[in-house]
Amino acid sequence: MTLTSLLTSSFALAAGAVAAPARGGGTISATPPSFFNCSLQPAHAFEPVTLRNGKGIEARMIAYGATMTHFLVPDAGGVQRDVLLGWDDATQYCANAQHTYFGATIGRVANRITKCSFELEGQGYNVDCNERDWDTLHGGVVGFDRRVWTAFARSSSSVKWSYFSPDGEMGFPGDLSVNVTHTITEDNEWLIEYSAAVGVKATVVSMTNHAYFNLNANVDNTETVMEHVLHMPSASRVLEVSGAPDYHLIPTGKVLDIAPGSAMDFAQPKVLGQDIAQGTVSEKGGYDNAWIFGPSPMTSKMTAHRVTLTSPLTGIQLEMGTDQPSVQVYTANSLSGMDHLQRKASQSFGSEPQYYHYRGAITLEAQQYPDAVHHENFPSTVLKPGGLYEQRTSYKFSTADRQVWV
Ligand SMILES: *[C@@H]1O[C@H](CO)[C@@H](O)[C@H](O)[C@H]1NC(C)=O
Ligand SMILES: *[C@@H]1O[C@H](CO)[C@@H](O)[C@H](O)[C@H]1NC(C)=O
């Protein structure tokens, strides 16, 4: 959720150098560290791994970032539509100068860690400062989204990816073994199951997937998802973040109740664009906030929290279920159309090249509270030796009657 223009070249810190990052004027560079070179990534990292169920869903992943690149679901008329932003040329996930995180696995810690440092068990740690010198975003400049994962268990509808993140990677303490299993169920769910364990040293973990959904699949060349309908019945609170004039989007520690009828209120189904002008917390305008789920009357952990998103144009409906306490909703405020991120063929109509547009997608990133490592009133993200980090999120697809909304 950021442009590479925001990346700093402070990787030296994570590599063990003692220099502190410059405050208020760090070098802005679009260049990841020198060891990270797309032409040095193995070719197999970009080869498609196809998953299917027997109900017409076809998904494609690549080992690079354990990234979901395509997700085709039948619309209300039975036509298969690709509802995920991405690239046809999979090497672009690495080579493109814009670090969009399209469909990628995010870790070790999703979202922002303020000031790129924290204390854990009495020890201070500096982690890679990749959003100017304000914060560590999505695990640092070479987070899990830029690592090549290993597929070690596969069926036609499922793949289990693993990654080993050594002690000190991006500055984080502790060896961490991670598994992420993606399954397309016969219930038309895209199920993501994460697990992680540390060696002898504690660490912090909060993972997510950064899928950008456009349930219109750009049918009729629609540019935005502003007419999608969003419903978050159990999201009763939202984290306060630093907004104007700096827009660092760092949680202040306050958990705010959502005023009924306000821009943040999606307790009833609401058109995404209806109040977005008042919901602006980011510099570029639009939502980029962590909603907090309230206590749930439901017993099953997995179905504890639900978010529903519907396209009136295709009738495609997505229902997210998660065991996580928070969801970051981001309305692709950094895409501009001018940045020439060309749409996939599956999302292009007509003969002219088409580009991903400002507010042309929405992410639903289920995760722990952002910056939890700095706030004792947030649920802990600490993972200790002998413990197991687990998270389960699913996106279930169905079709609604298009007439309902149009
Ligand atoms: C990346 O690796 C290729 C192949 O070894 C090399 O030619 C190129 O100069 C490297 N690029 C950078 C920026 O280091
Ligand atoms: C990852 O999966 C492998 C194989 O099933 C298992 O041996 C290992 O314990 C798993 N690790 C975690 C952290 O779940």
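Residues numbered from 1 in each chain as written. Chains lettered and ligands numbered in written order. Predicted model: local features only at pLDDT ≥ 70, side-chain atom pairs only at ≥ 80, totals over all residues. Heavy atoms only, no water.

A. Structural context of the state of the cysteines. Under the counting rule described, the total for this entry stands at 2 disulfides. The disulfide that involves C38 links it to C94, with 2.0 Å between the sulfurs. Taking the sign of the torsion about the S-S bond as the criterion, the disulfide between C38 and C94, at about -95 degrees, is left-handed. Of the two residues, C38 is situated in the loop between α1 (11–14) and β1 (49–52) and C94 in helix α2 (residues 92–95); the sequence distance between them amounts to 56 residues. You can call C94 buried: its relative accessible area is 5%. At a sulfur-sulfur separation of 1.9 Å, the disulfide partner of C116 is C129. Measuring handedness by torsion sign, the sulfur bridge of C116 and C129 sits at about 70 degrees and is right-handed. Note that C116 is positioned in the loop between β6 (112–114) and β7 (117–120) and C129 in the loop between β8 (123–126) and β9 (135–137), a separation of 13 residues in sequence. On the basis of relative accessibility, which here comes to 0%, the residue C129 falls in the buried class. Ordering the disulfide-forming cysteines of the protein chain by sequence position, one finds them joined as 1-2, 3-4. (Disulfide = S-S within 2.5 Å. Helix = DSSP H or I, 4+ residues; strand = E, 2+ residues; numbered from the N terminus. Buried < 20%, exposed > 50% of the residue type's maximum accessible area, 1.4 Å probe, protein only.)

B. Expanded view of the site of ligand 2. In the vicinity of ligand 2, the contacting residues are F152, K160, S177, N179, S195, A196, A197 and L388. One of the side-chain N or O atoms of K160 is found 2.8 Å from an oxygen atom in ligand 2. For ligand 2, an oxygen atom lies 2.7 Å from a polar atom in the side chain of S195. Notes on ligand 2: free accessible area 360 Å², of which the protein chains cover 51%. Looking at the shell around ligand 2, the elements with two or more residues in it are β12 (176–184) and β13 (189–198). (Near = heavy atom within 4 Å. Polar contact = N/O pair within 3.5 Å; in protein donor to acceptor, adjacent residues only side chain to side chain. Areas by Shrake-Rupley, 256 points an atom, 1.4 Å probe, with all protein chains shown as cover.)

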